[in-house]
Amino acid sequence: MRPPALDWSIENCTIARAMEVLGERWTMVVLREVFNGVRRFDDMRVRTGIPRQVLTNRLATLVEQGVLRREPYREPGSRVRHEYRLTDKGLDLWPVLVAVLGWGDRYLADPEGSPLTVAHRECGGEVRVELCCARGHEVAGPRDVVPRPGPGARRRAD
């Protein structure tokens, strides 16, 4: 049986476009650090072990894409430097990081567990990603959804 998805083009796919921004390994590590409050270049480099040039490139891309913004700061007696803050576009990536963390915890954690958890500030409960449709119904898994062309879809020319 031919999948209906083959009837529309994926050349303008927003998943592919998002992965152009986020798909490099170190990008998610940088975002993890900024979400955890590590905002300065040297702190990120030391904490993560990301090579200097790779970190420079990742931060530049995230600033260029509007995910992070640079904020100047100056330590007494030092030159002006920048720290990196999340924009609204960056903050909207929080559920993505929580989903990746949950997947990693389930399939890749060491026997003693994950070195990072996230908890609801108000009650202390563990935070996880759950899916629901626009009408509020829980979506338990991929078999509960059907892909269909969106408003920007184009019919494939065979």
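Note that this is a predicted model, so its numbers are computed, not measured.

The rules we used
Residues numbered from 1 in each chain as written. Predicted model: local features only at pLDDT ≥ 70, side-chain atom pairs only at ≥ 80, totals over all residues. Heavy atoms only, no water. Helix = DSSP H or I, 4+ residues; strand = E, 2+ residues; numbered from the N terminus. Rg over C-alpha atoms; globule rule 2.2 N^0.38 Å. Buried < 20%, exposed > 50% of the residue type's maximum accessible area, 1.4 Å probe, protein only. Contact = heavy atoms within 4.5 Å. pLDDT = per-residue confidence, 0-100. Core = buried A, V, L, I, M, F, W, Y, C linked by side-chain atoms within 4.5 Å. Polar contact = N/O pair within 3.5 Å; in protein donor to acceptor, adjacent residues only side chain to side chain. Pairing = 2+ DSSP bridges. Patch = residues over 30% accessible without salt bridge, like charges linked within 9 Å, V, L, I, M, F, W, Y side chains within 5 Å. Areas by Shrake-Rupley, 256 points an atom, 1.4 Å probe, with all protein chains shown as cover. Salt bridge = Lys/Arg side-chain N within 4 Å of Asp/Glu carboxyl O.

A. Expanded view of the overall build of the protein chain. In terms of regular secondary structure, the protein chain is built from six helices and four strands. What you see in the protein chain, going N to C, is helices and strands ordered as α-α-α-α-β-β-α-α-β-β. A globule of 158 residues ought to have a C-alpha radius of gyration of about 15 Å, yet the protein chain, at 20 Å, is considerably larger. Taking the principal axes of its C-alpha atoms as reference, the protein chain extends roughly 70 × 40 × 30 Å. Burial analysis of the protein chain (158 residues in total) assigns 23% to the buried set. Sequence-distant contacts in the protein chain: of pairs separated by 6 or more residues, those separated by 24 or more amount to 46%.

B. Just the confidence of the model for the protein chain, in detail. Residue-level pLDDT values for the protein chain average 92, and 99% of them are 70 or greater. Summarising per-element confidence for the protein chain, the mean pLDDT is lowest in helix α1 (residues 14-22) (89) and highest in helix α5 (residues 88-91) (98).

C. Molecular detail of the nonpolar core. Ranked by size, the top nonpolar core spans 21 residues in total, and within it Val30, Leu31, Met44, Leu55, Leu59, Leu62 and Leu68 carry the most contacts. If you list the elements that add at least two residues to this core, you get α1, α2 (25-35), α3 (41-48), α4 (52-64) and β2 (80-86). Aside from chain neighbours lying at most four places away, what touches Leu62 is Val21, Thr27, Val30, Leu31, Val67 and Leu68.

D. Examining the environment of Arg128 more closely. With respect to the helices and strands, Arg128 occurs in the loop between α6 (94-107) and β3 (131-132). Owing to a relative accessible area of 58%, Arg128 belongs among the exposed residues under this scheme. With 30 residues separating them along the chain, Arg128 and Val98 place their C-alpha atoms 6.3 Å apart. Only 3.0 Å separates the side chain of Arg128 from the side chain of Glu130, close enough to count as a polar contact.

E. Layout of the pairing of β2. Examined bridge by bridge, strand β1 (residues 68-74) and β2 share seven bridges and lie antiparallel to one another. By the bridge assignment for β2, Tyr73 is matched with Arg81. Joining the antiparallel neighbours β1 and β2 is a turn of five residues, in which Gly77 adopts a positive phi near 80°.

F. Just a nonpolar patch on the surface, in detail. Side chains of Trp103, Tyr107 and Leu108 sit close together on the surface and give an oily, nonpolar patch of about 390 Å² of accessible area. As for its position among the elements, Tyr107 is in helix α6.

G. Structural detail: α2. Taken across its 11 residues, α2 has eight buried, putting it largely inside the fold. Residues of α2 that are buried include every one of Trp26, Thr27, Val29, Val30, Leu31, Glu33, Val34 and Phe35, and no others. For α2, the capping residue at the N-terminal end is Glu24, with a side-chain oxygen 2.7 Å from the backbone nitrogen of Trp26. Gly37 occupies a position one or two residues after α2 and carries a positive phi of about 90°.

H. Summary view of the pattern of salt bridges. Following the criterion strictly, the structure yields 10 salt bridges and no others. Of the charged contacts in the structure, one is a salt bridge between Glu71 and Arg69, with a shortest N-O distance of 2.8 Å. A relative accessible area of 37% places Arg69 in the partly exposed class. One network of salt bridges, in which partners are shared, links Arg40, Glu75, Glu83 and Arg85.

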